[in-house]
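Structural overview
Read off the chains here:
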Amino acid sequence: DQQVKQNSPSLSVQEGRISILNCDYTNSMFDYFLWYKKYPAEGPTFLISISSIKDKNEDGRFTVFLNKSAKHLSLHIVPSQPGDSAVYFCAAVVGGYGQNFVFGPGTRLSVLP
Amino acid sequence: SQTIHQWPATLVQPVGSPLSLECTVEGTSNPNLYWYRQAAGRGLQLLFYSVGIGQISSEVPQNLSASRPQDRQFILSSKKLLLSDSGFYLCAWPHPRRGGEQFFGPGTRLTVL
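This write-up is about the structure you can find in this document. (Residues numbered from 1 in each chain as written. Chains lettered and ligands numbered in written order. Predicted model: local features only at pLDDT ≥ 70, side-chain atom pairs only at ≥ 80, totals over all residues. Heavy atoms only, no water.)

Turning to the sheet that holds strand β1 (residues 3–7) of chain B, a few remarks are in order. Residues and elements named next belong to chain B. Spatially, 4 strands are ordered β1-β3-β8-β7 in an open sheet, and the strand pairing comes out antiparallel. For this open sheet the edge positions go to β1 and β7 (64–70), each flanked by a neighbour on one side alone. The sheet shows a mean angle of 20° between the axes of neighbouring strands, direction not considered. In the sheet, strand β3 (residues 19–26) pairs with strand β8 (residues 73–78) via 6 bridges, with the strands oriented antiparallel. Counted as the bridge partner of threonine 24 is glutamine 73 from β8. (Pairing = 2+ DSSP bridges. Helix = DSSP H or I, 4+ residues; strand = E, 2+ residues; numbered from the N terminus. Axes fitted to C-alpha atoms, helices over the stretch in contact; angles between N-to-C directions.)

Quick look at the structure:
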């Protein structure tokens, strides 16, 4: 049973427009959520995170929204750039410890010039 | 600064052959270390984590094993590889001050033929 789901395996967006990547989770014990970005043949790199006590966190072009009642979070990228093309993983963790990290299957974002 | 290395970068092995992947970290001591696998079209699956020398916890049953011979070294092994062991293997450690965030190594691409 997948505790963290990313139901869109891929997404294509025009350069300059908004990219919205979605993530749903089932475990209400998760208290910290992260987004990672991964290029082919490289390790994932941390992008942005949000604690369960917040509903929004913003860092430059990236904003993460958390809806705890719906067990849903989303990553907004505005404006999208071709360099944003990558696989994006949503991750959730209980208590901030790595052994409780759960990753979603990822969404491949393609930003078209 | 903290750095994480993985060796080799790519590996092609026949079914039934042994495996040894190495992860080493620099710039920190007593790190918690993790092995993940990304199989084709799937998310990141936690395989093993270690909180110290000789201390290994396994998350999923499989024909892989892990060892922590030194504080900064984490090794993933197998006595006999299966086709299903193909994937991208990632070593990770938690951010020293932001435990909810993990740093990933560059990864090893393993292809079992």
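So, on to a nonpolar patch on the surface. Together, Ile18, Ile20 and Val78 of chain A give the surface a local cluster of nonpolar side chains, amounting to about 230 Å² of exposed area. Take isoleucine 18 of chain A: its relative accessible area is 41%, and that puts it in the partly exposed class. (Patch = residues over 30% accessible without salt bridge, like charges linked within 9 Å, V, L, I, M, F, W, Y side chains within 5 Å. Areas by Shrake-Rupley, 256 points an atom, 1.4 Å probe, with all protein chains shown as cover. Salt bridge = Lys/Arg side-chain N within 4 Å of Asp/Glu carboxyl O. Buried < 20%, exposed > 50% of the residue type's maximum accessible area, 1.4 Å probe, protein only.)

Right, let's talk about the pairing of strand β9 (residues 86–93) of chain A for a bit. Residue and element names in this part refer to chain A. Among the 8 residues that make up β9, 8 are buried, leaving the element largely enclosed by the rest of the structure. Two strands pair when backbone bridges link them, and strand β4 (residues 32–38) and β9 are joined in this way by 7 bridges, in the antiparallel orientation. Note on β9: the bridge partner recorded for tryptophan 35 is cysteine 90. Two strands pair when backbone bridges link them, and β9 and strand β11 (residues 107–112) are joined in this way by 3 bridges, in the antiparallel orientation. Residue alanine 86 lies in a different strand from β11, and its bridge partner there is leucine 109. Bridge count between β9 and strand β10 (residues 102–103): 2 bridges; the pairing is antiparallel. In the sheet register, alanine 91 faces β10, and the bridge partner there is phenylalanine 103.

So, on to the sheet that holds strand β7 (residues 62–67) of chain A. Residue and element names in this part refer to chain A. Strand order across the open sheet formed by 5 strands is β1-β3-β8-β7-β6, with antiparallel pairing between neighbours. Every other strand in the sheet has two partners, leaving β1 (4–5) and β6 (56–59) as the edge strands with one partner each. Examined bridge by bridge, strand β3 (residues 19–25) and strand β8 (residues 72–77) share 6 bridges and lie antiparallel to one another. When the bridges of β8 are listed, leucine 21 appears paired with leucine 75.

Now for the pattern of salt bridges. Side-chain pairs of opposite charge can arise where the charged atoms are in close proximity. This structure, assessed with the given rule, holds 5 salt bridges over all chains. Between lysine 37 of chain A and aspartate 84 of chain A there is a salt bridge, and its shortest N-O distance comes to 4.0 Å. Of this pair, lysine 37 of chain A sits in strand β4 while aspartate 84 of chain A sits in the loop between β8 and β9; the two residues are 47 residues apart in sequence, bridging distant segments of the chain. Per residue, the accessibility class of lysine 37 of chain A equals that of aspartate 84 of chain A, and both read buried. Aspartate 71 of chain B serves as the salt-bridge partner of arginine 68 of chain B, at 3.6 Å between the closest nitrogen and oxygen. Classification of arginine 68 of chain B as buried rests on a relative accessible area of 3%.

All names here are of chain B. Among the structural elements, leucine 19 can be located in strand β3. Assessed through its relative accessible area of 5%, leucine 19 is described here as buried. C-alpha separation for the pair leucine 19 and alanine 9, spaced 10 residues apart in sequence, amounts to 13 Å. Once residues within four sequence positions are removed from consideration, leucine 19 is found in contact with Leu11, Leu64, Leu76, Ser77, Ser78, Leu81 and Leu110. (Contact = heavy atoms within 4.5 Å.)

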